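Structural description and commentary
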Amino acid sequence: MPSSLGAFTRATSTFEGEVTRHDWYSLDADPTLTLYTGDPVIAQSLVPRLEAFLPRRAAWQRAATDAVVVQFSSEPATPEELDEAAADLAVESVYAYPDGSVVVNLTDTCGTHFLEGYWPAVRFDRDDTVTEVTVEA
């Protein structure tokens, strides 16, 4: 699916023995961009959401790394801790969902913040406010 961001490719995965089926459009970029739907009409409608979100990368990237530190700290975060996380956690992928939310997956570039095979994910609502921080595997 061509867009102003590039050509998204449809991907499907199924798991044998399970009903689970994943269907989405993805663009191999930096970061990887994914439209989390298999419906081409809905996918096309998600492109403007990414177009509005991506140009403000510095702001949402810092909001995401700060949210991770706040979520997983037992004490109030120091400016140094926030800066360290901003330097160590890199954006790997961005997912746009039909409800207008965007999820940013981060990778631990130094391997000291998260166990191997785990990464933090930060969900932004349609107003670009952080609503959830999780650890994915």
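Scroll up to find the structure this text is about.
So, here's what we can say about the structure.

Cut-offs and rules
Note on numbering: residues in each chain are counted from 1, in written sequence order. Where totals are concerned, whole chains, interfaces and linings use all residues; where local detail is concerned, this predicted model gives features only for residues with pLDDT of at least 70, and gives and counts side-chain atom pairs only at 80 or more. The basis for every side-chain value is the complete set of heavy atoms in the structure, and neither hydrogens nor water enter the calculation. Basic side-chain nitrogens of Lys or Arg form a salt bridge, by our definition, when they fall within 4 Å of a carboxyl oxygen of Asp or Glu. Numbering of helices and strands starts at the N terminus; helices are DSSP runs of H or I of at least 4 residues and strands are runs of E of at least 2. Whether a residue is buried, partly exposed or exposed follows from its accessible area with a 1.4 Å probe, protein chains only, as a fraction of its type maximum: under 20%, in between, or over 50%, in that order.

1. A closer look at the pattern of salt bridges
- For the structure on display, the rule yields 6 salt bridges.
- Taking the shortest distance from any N to any O, the salt bridge between Arg-10 and Asp-23 comes out at 2.6 Å. Of this pair, Arg-10 sits in strand β3 (residues 9-14) while Asp-23 sits in strand β4 (residues 21-27), and the two are 13 residues apart along the sequence.
- With a closest N to O distance of 2.7 Å, Arg-49 and Asp-128 form a salt bridge. Residue Arg-49 is located in helix α1 (residues 40-53), and its partner Asp-128 is located in the loop between β8 (119-124) and β9 (130-136); the two are separated by 79 residues in the primary sequence.
- Arg-49 gets classed as buried once you look at its relative accessible area, which sits at 14%.
- Owing to a relative accessible area of 23%, Asp-128 belongs among the partly exposed residues under this scheme.
- Among the ionic contacts, a cluster of salt bridges with common partners joins Arg-49, Arg-56 and Asp-128.

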